[in-house]
Amino acid sequence: MGKRMAVAALVAAGAAVGLAPVAAAGGQPDHRTCEREFHQAVWEDMDSFNRRDEARYRAIIHRDMVTVGRKGQVYIGYDANIQPVLESFKLPYEWSMPWTVTHTVVHGCSSGFAILDARHIVPSQNVDRRLTVSLTLVRERGRWQVIKDTVTDVP
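Residues numbered from 1 in each chain as written. Predicted model: local features only at pLDDT ≥ 70, side-chain atom pairs only at ≥ 80, totals over all residues. Heavy atoms only, no water.

**Q** So what's going on with the nonpolar core? Residues and values would help.
**A** Within the largest apolar cluster, 31 residues are counted, with the highest numbers of intra-cluster contacts made by Ile61, Leu135 and Leu137. Contributing elements (two or more residues each) for this core: α2 (31-50), α3 (54-60), β1 (61-68), α4 (78-89), β4 (111-122), β5 (127-140) and β6 (143-153). Apart from the residues within four sequence positions on either side, leucine 135 is in contact with Val42, Asp45, Met46, Gly112, Phe113, Ala114, Leu116, Val146, Lys148 and Asp149. (Core = buried A, V, L, I, M, F, W, Y, C linked by side-chain atoms within 4.5 Å. Buried < 20%, exposed > 50% of the residue type's maximum accessible area, 1.4 Å probe, protein only. Helix = DSSP H or I, 4+ residues; strand = E, 2+ residues; numbered from the N terminus. Contact = heavy atoms within 4.5 Å.)

**Q** Outline the packing of aromatic side chains, supporting the account with residue identities and numerical values.
**A** Summed over all chains, the structure comprises five aromatic pairs. Seen from their ring centres, phenylalanine 49 and tyrosine 57 are 6.2 Å apart, and the 50° between their planes marks the pair as tilted. Across the pair, exposure class does not vary: phenylalanine 49 and tyrosine 57 are buried alike. Taking the centre distance of 5.0 Å and the plane angle of 45° together, the rings of phenylalanine 49 and tryptophan 95 count as tilted. Residue phenylalanine 49 is found in helix α2, and its partner tryptophan 95 is found in the loop between α4 and β3 (99-107); the two are separated by 46 residues along the sequence. On the accessibility criterion, phenylalanine 49 (14% relative accessible area) is buried. Look at tryptophan 95 and you get buried, because its relative accessible area is 7%. Taken together, the ring pairs connect Phe49, Tyr57, Phe89 and Trp95 into an aromatic cluster. The residue whose ring lies beneath arginine 52 is tryptophan 95, and the NZ or CZ to ring-centre distance is 3.5 Å. The ring of tyrosine 78 carries the charged tip of arginine 63 above its face, separated from the ring centre by 4.2 Å. (Phe/Tyr/Trp six-rings, centres within 6.5 Å; stacked < 30°, edge-to-face > 60°. Lys NZ or Arg CZ within 6 Å of the ring centre and 35° of its normal.)

Given below as structure tokens:
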């Protein structure tokens, strides 16, 4: 039996007992698994940011990340993107950024993007700013990372 036939037989056997296929030919996860991992990575990025969890946040950021901030500022590269976030983690713990994913597209197991409605809230400064956040992620060496982040004010 050839390699493709063996993989197909394993996938069919898993389906027969109610297991979701976890790998397609060539060892790549199937599309549903990739989508699930992508959605988890988007959540990880936003949750680690909101919880001011430096280790988790650092782990989800790609080495070549680019950010376009809400005032048009551009940050290129890992260090340029990490430093402003770490500085914001030092601010009083009153700010928050609740968010909701409104749209996603996942291209196989290599890239995807998510559009989020978000709010930047700072009660002591009477700030409650609506934002659209656009995250682009890539999957390299078996894990998803944020490679582009664009934040736009919503009037």
